[in-house]
Amino acid sequence: MLKLSKMDVVGPYLPQTLQPGERGEAFAPSNIALCKYWGKRDTGLNLPINASLSVSLAHLGSKTTITPATGAEDQVCLNGDLLAADSRFATKVVDFVDLFRGDLNQPLRIETHNNIPTAAGLASSASGFAALMLALDDFYQLKLEPPVLSAFARMGSGSASRSVFEGFVEWQMGHRDDGMDSHAFQLSARWPGLRIGLVKVATGEKKVDSRAGMQRTVESAHLYQSWPLQAAADLEKLHQAILAQDFALLGETAEQNALSMHATMIASWPPLLYWQPDSVAAMHKVWQLRAEGLALYFTMDAGPNLKLLFEAEDQAAIEQQFPDLEVVNPFPAG
Ligand code: PMV
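Residues numbered from 1 in each chain as written. Predicted model: local features only at pLDDT ≥ 70, side-chain atom pairs only at ≥ 80, totals over all residues. Heavy atoms only, no water.

1. Topic: the sheet that holds strand S13 (residues 326-328)
Across the sheet, 4 strands lie side by side as S11-S12-S10-S13; this open sheet has antiparallel pairing. Of all the strands in the sheet, just strand S11 (297-300) and S13 have a single pairing partner and so form its edges. The sheet shows a mean angle of 30 degrees between the axes of neighbouring strands, taken without regard to direction. By the bridge criterion, 4 bridges tie S11 to strand S12 (residues 306-311) in an arrangement that is antiparallel. Within S12, the residue paired with Met300 across the bridge is Leu306. Its contacts with the sheet place helix H7 (residues 247-266) against strand S10 (194-199), S11 and S12, and it is angled at close to 35 degrees to S11. Helix H8 (residues 277-291) rests against S11 and S12 of the sheet, and its axis sits at about 155 degrees to S11. (Pairing = 2+ DSSP bridges. Helix = DSSP H or I, 4+ residues; strand = E, 2+ residues; numbered from the N terminus. Axes fitted to C-alpha atoms, helices over the stretch in contact; angles between N-to-C directions. Contact = heavy atoms within 4.5 Å.)

Shown next, in the form of structure tokens:
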């Protein structure tokens, strides 16, 4: 397969002469995958081995503002703090911005604010790169179409392709070498009664990030062979569940999908187990409550925290069982 660089892919979409504005600004929501993205067929462009489906978290996410910098250097700020130029976050942001600023070399000030409660243990790279892409589009007046914005956000972080949209979002894997058909799109269906509860088990930087975790799984777990089949079957079931508003099918599919993904990680070498004892305790609690008749399911990403799935009518009962639960309504009215 022909390996293209990110710059090769972006170049044809940029105008001959860039017209930077005074200010670019955008918000993008965080998202939780019900059918996960796990494994890349191209590690440079973040092209996935399977399609995935998520739900965006409405008002929880990242807001990014881009303005010309006052000095000669780029300035990257996170939640009000100016970061060291060689920090991981600042380097990633500047590398991404470099794809779009052409020969201008105009130093920029890039400010990101995450309103995701840090205590919820939610990753912010999806909303962060989606907001950065949308803010760049605004700043340089690129007027790129949503599928292109999604494909470009994907090159910052795979799951960012889905954060360009609200509600239910599917990321089709695509087949092209340049990845421009590997972008997300919004599903028209809504589910106003759906709720997501964030259970904090632990926060703080994880030892193995999702990029390294995926790579290790793809390279060392024979069990990974079965993952694309699992994901394809689950995607189909999620479509059915969303169409029929069948919550049990949605919950069962999302929970089995997450556990299947974690099974491939555990079967890697060295083994990759993101769960803490409290994660397992919370899983048992969910299963016990379900056995008692509550329609409650969970999903988990590359970390120890659980995301609960339930319907609005059960919110009070579930908050009683999980007192510190942060509840999100992904389909607010209006
Ligand atoms: O976008 P990344 O590289 O942070 O990977 C996200 C991986 C998972 O969160 C585990 C699954 C997903 O689809 O969001």
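Moving on from the coordinates now.
2. What to know about the nonpolar core
Buried together is how nonpolar side chains tend to be arranged in soluble globular proteins. Counting 85 residues, the largest nonpolar core has Phe100, Phe152 and Phe168 as its most contacted members. It is helix H3 (residues 125-139) that contributes the most residues to this core, 9 residues altogether. The residue makeup of this core includes at least three contributed by each of domain 1 (22-186) and domain 2 (194-328). Counting 15 residues, the second largest nonpolar core, distinct from the first, contains Leu289, Leu296, Met300 and Ile318. (Core = buried A, V, L, I, M, F, W, Y, C linked by side-chain atoms within 4.5 Å. Buried < 20%, exposed > 50% of the residue type's maximum accessible area, 1.4 Å probe, protein only. Domains from an automatic or database assignment.)

3. Quick notes on the site of the ligand
Near the ligand there are 14 residues, and of these Tyr37, Ser157, Ser159, Arg162 and Ser210 occur at the shortest range. Here Ser159 contributes a side-chain N or O atom positioned 2.6 Å from an oxygen atom of the ligand. For the ligand, the protein covers 89% of the area, taking 380 Å² as the surface of the free molecule. The residue makeup of the shell around the ligand, split by class, is 6 nonpolar, 5 polar and 3 charged. Taken together, domain 1 (22-186) and domain 2 (194-328) each give at least three residues to the shell around the ligand, which thus spans both. (Near = heavy atom within 4 Å. Polar contact = N/O pair within 3.5 Å; in protein donor to acceptor, adjacent residues only side chain to side chain. Areas by Shrake-Rupley, 256 points an atom, 1.4 Å probe, with all protein chains shown as cover. Nonpolar A, V, L, I, M, F, W, Y, C, P; charged D, E, K, R; others polar.)

4. Structural notes on the pattern of salt bridges
This model, assessed by the stated rule, comprises 10 salt bridges. Two residues, Asp98 and Arg101, come together in a salt bridge whose shortest N-O distance is 2.8 Å. Of the residues examined, Arg101 reaches a relative accessible area of 5% and is grouped as buried. Between Glu255 and Arg290 there is a salt bridge, with its nearest N and O atoms 2.7 Å apart. Of the two residues, Glu255 sits in helix H7 while Arg290 sits in helix H8, which places them 35 residues apart along the sequence. Residue Glu255 is classed as buried on the basis of its relative accessible area of 4%. (Salt bridge = Lys/Arg side-chain N within 4 Å of Asp/Glu carboxyl O.)

5. Some details on the packing of aromatic side chains
Within the structure shown, the criterion is met by 11 aromatic pairs. When the ring of Phe139 is compared with that of Tyr140, the centres are 5.0 Å apart and the planes differ by 75 degrees; the resulting orientation is edge-to-face. Accessibility classification places Phe139 together with Tyr140 in one group, the buried group. Ring centres of Trp191 and Phe247 lie 6.3 Å apart, and the angle between their planes is 80 degrees; on these two criteria the pair is classed as edge-to-face. Here Trp191, found in the loop between strand S9 (184-186) and S10, pairs with Phe247, found in helix H7; they are 56 residues apart in sequence, far enough to count as distant. Put simply, the rings of Tyr13, Phe96, Phe100, Phe129 and Phe152 touch in pairs and so form one group of aromatic residues. When the ring centre of Phe322 is taken as reference, the NZ or CZ atom of Lys285 above it lies at 4.6 Å. (Phe/Tyr/Trp six-rings, centres within 6.5 Å; stacked < 30°, edge-to-face > 60°. Lys NZ or Arg CZ within 6 Å of the ring centre and 35° of its normal.)

6. Structural notes on the environment of Ala295
Along the chain, Ala295 turns up in the loop between H8 and S11. On the accessibility criterion, Ala295 (28% relative accessible area) is partly exposed. Considered as a pair, Ala295 and Gly71 are 224 residues apart in the sequence and their alpha carbons are 56 Å apart. Contact partners of Ala295, with chain neighbours within four places excluded, come to Phe247, Leu309, Phe310 and Asp314.

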